[in-house]
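Topology and contacts: notes
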Amino acid sequence: MKWMTTPRRRWTALASATLLLVCVGTALQVHSQQSAAAASAATPDTARTALTVQTTRPSTQNWPLTATANGTVTPWQEAVVGAQTGGLRVARLRAEVGDQVRAGQVLAELVSDAASVELRRLEANLASARASLAQAKGNADRARVARQGAALSDQAYNEYLNNELAAQASVDSSQAQVDAQRIVLDHTRIVAVDDGVITSRTAVLGKVVASGDEMFRMIRQGRLEWQAELDAAQLGRIQPGHSASIKLPTGGVVNGKVRAVAPHLSTSTGRGIVYVSLPASQAKAGMFASGSIELGSAPALTVPQSAVVLGDGYNYVFELGSDERVTRRGVRVGRRVGDRVEILDGLGAQARIVSSGGAFLADGDKVATATQAQAQPQTPAAASRREETPR
């Protein structure tokens, strides 16, 4: 019986050891669960916040209404200076492109020798006609005296009177020829028709010009205007006298006034022209510029531009709820002035929104405001979450 006792003791010892190991494992698992529960209880809820943010509320401001447009800077009016007589050669040029000129200032001179000679000939003819008139007038006066004494026949009397009238007509004709030639001589001096700036010169020294040939082109009075193109809806709201602001390609900004609004629209583009008078500035004719025309003012619900987040082609803001969780709301934006943007739709006037950092948030995130962060420092877990890649 002794040989059976030893194996039984061995099996008893093995079962006891197995039971001991099971008890130890169960105790370790219970201890681990208690430790995790204690750690969870010790960690505040703020450790799960996504970000510490600043908040703001929308504000209502009175903003100007504007119509934006593009257009070209053009002369207010152009003037063409040309030759009024033909067959004469350009003798002198007295103006160049870019010159500021006054009305009546000589810009060029044509050869005037032949015109001067012709004028002297016609003046001599005029002098001869006047002499003939004087003689005919004397004869007519004597005939009038003789007629009273019946010493002159009716035929002779009428002849003297007719000679006087013919001599007077000859003087008038000669005087007209002299005046015409003086005009021709005066036209050999090409003068500016108004104050302005010379923009082109086609006159060439030595060229024989024809009557009507263009020699100079100028901007009348140096005045420029911006011709802005707008659609029918915008055009109907603009009136002469409205202020406009034009941004030049050089970077400068010019302020002008609406001079006139086109009475019709283009049949090809469906757009009309607004003529904006510009003051003397860096603007040059031919510049393409963008600008805006003020149409008055209207209240606007505005928020900081930093509060608006662009995503998937839409604009969003994050509204903060009473549970300190954010809700992403789609908004429609309008005018922009400075660092603020107008909200047309999608946000209430009393909403509390995240003013910056919205790009790092997602819908439903729990956040801490700057005031809360000062009262209760964040745990390392919350700080590490702020460093995570934005969603």
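Residues numbered from 1 in each chain as written. Predicted model: local features only at pLDDT ≥ 70, side-chain atom pairs only at ≥ 80, totals over all residues. Heavy atoms only, no water.

1. Focus on the overall build of the protein
Check the secondary structure of the protein and you find six helices and 22 strands. When the 391 residues of the protein are sorted by exposure, 31% land in the buried category. A sequence separation of at least 24 residues applies to 76% of the contacts in the protein between residues at least 6 apart. Of the roughly 23,400 Å² that the protein leaves accessible, carbon and sulfur atoms contribute 52%. (Helix = DSSP H or I, 4+ residues; strand = E, 2+ residues; numbered from the N terminus. Buried < 20%, exposed > 50% of the residue type's maximum accessible area, 1.4 Å probe, protein only. Contact = heavy atoms within 4.5 Å. Areas by Shrake-Rupley, 256 points an atom, 1.4 Å probe, with all protein chains shown as cover.)

2. Concerning the confidence of the model for the protein
In this model, the protein carries a mean pLDDT of 83, and residues with pLDDT of at least 70 account for 82%. A low-confidence stretch, residues 1–5 stays under pLDDT 50, and its non-local contacts, those more than four residues away or across chains, total zero contacts. Contacts from residues 372–391, a stretch scored under 50 in pLDDT, to residues over four places away or in other chains number 29 contacts. (pLDDT = per-residue confidence, 0-100.)

3. Things to note about the sheet that holds strand E4 (residues 78–82)
Taken in spatial order, the four strands line up as E4-E11-E9-E6 in an open sheet, and their pairing is antiparallel. A single partner strand is all that each edge strand has here, and the edge strands are E4 and strand E6 (100–101). Pairing between E4 and strand E11 (residues 214–220): five bridges, direction antiparallel. Across the sheet, residue Glu 78 finds its bridge partner in E11, namely Ile 219. (Pairing = 2+ DSSP bridges.)

4. Here's the deal with the side chain of Asp 365
Of note, Asp 365 is situated in the loop between strand E21 (353–354) and strand E22 (368–369). Residue class for Asp 365 comes out buried when judged on its relative accessible area of 7%. Separated by 2.9 Å, the side chain of Asp 365 and the backbone nitrogen of Ala 362 make a polar contact. (Polar contact = N/O pair within 3.5 Å; in protein donor to acceptor, adjacent residues only side chain to side chain.)

5. Here's the deal with the pairing of strand E16 (residues 288–304)
As paired strands, strand E3 (residues 59–75) and E16 are joined by 14 bridges and run antiparallel to one another. Considered in E16, the bridge of Ala 67 is made with Ile 293. With four bridges joining them, strand E13 (residues 243–247) and E16 adopt antiparallel strand pairing. Bridging across to E16, Ala 244 finds its partner in Ile 293. The sheet contact formed by E16 and strand E20 (residues 340–345) spans three bridges and is antiparallel. Note that in E20 the partner of Pro 304 across the bridge is Arg 340.

6. With respect to the sheet that holds strand E7 (residues 106–110)
Read across the open sheet, the four strands follow the order E8-E7-E5-E10; overall the sheet is antiparallel. Among the strands making up the open sheet, the edge pair consists of strand E8 (189–191) and strand E10 (208–209). In the sheet, strand E5 (residues 88–93) pairs with E7 via three bridges, with the strands oriented antiparallel. Paired with Leu 93 across the bridge in E7 is Ala 108.

7. Points about the nonpolar core
By size, the foremost hydrophobic cluster in this structure holds 23 residues, and its most contacted members are Trp 226, Leu 230, Ile 246, Val 274, Val 276, Leu 278 and Ile 293. Only E3, strand E12 (224–231), E13, strand E14 (253–261), strand E15 (271–278) and E16 provide two or more residues apiece to this core. Broken down by element, the residue count for this core peaks at four residues, all from E12. Residues within four places of Ile 246 in sequence aside, it is in contact with Trp 226, Gly 252, Val 253, Val 254, Gly 256, Val 276, Leu 278, Ala 289, Ser 290 and Gly 291. Val 81, Val 101, Val 209 and Phe 216 belong to the second largest nonpolar core, which has 18 residues in total. (Core = buried A, V, L, I, M, F, W, Y, C linked by side-chain atoms within 4.5 Å.)

8. As for the environment of Gly 241
Relative to the assigned elements, Gly 241 resides in the loop between helix H4 (232–235) and E13. Sequence separation of Gly 241 and Val 258 is 17 residues, and the distance between their C-alpha atoms is 5.0 Å. If near-sequence neighbours (up to four positions away) are discounted, Gly 241 is found in contact with Lys 257 and Val 258.

9. Details of the pattern of salt bridges
Scanning the model with the defined rule gives 18 salt bridges in all. A salt bridge links Asp 195 to Arg 102, with the nearest nitrogen and oxygen atoms 3.5 Å apart. In this pair, Asp 195 is assigned in the loop between E8 and strand E9 (196–201) and Arg 102 in the loop between E6 and E7, connecting sequence segments 93 residues apart. You can call Arg 102 exposed: its relative accessible area is 56%. For Asp 186, the salt bridge goes to Arg 189, with nearest N and O atoms at 3.7 Å. Classification of Asp 186 as partly exposed rests on a relative accessible area of 42%. For Arg 189, a relative accessible area of 40% corresponds to the partly exposed category. Among the ionic contacts, a cluster of salt bridges with common partners joins Lys 137, Asp 141, Arg 144 and Glu 164. (Salt bridge = Lys/Arg side-chain N within 4 Å of Asp/Glu carboxyl O.)

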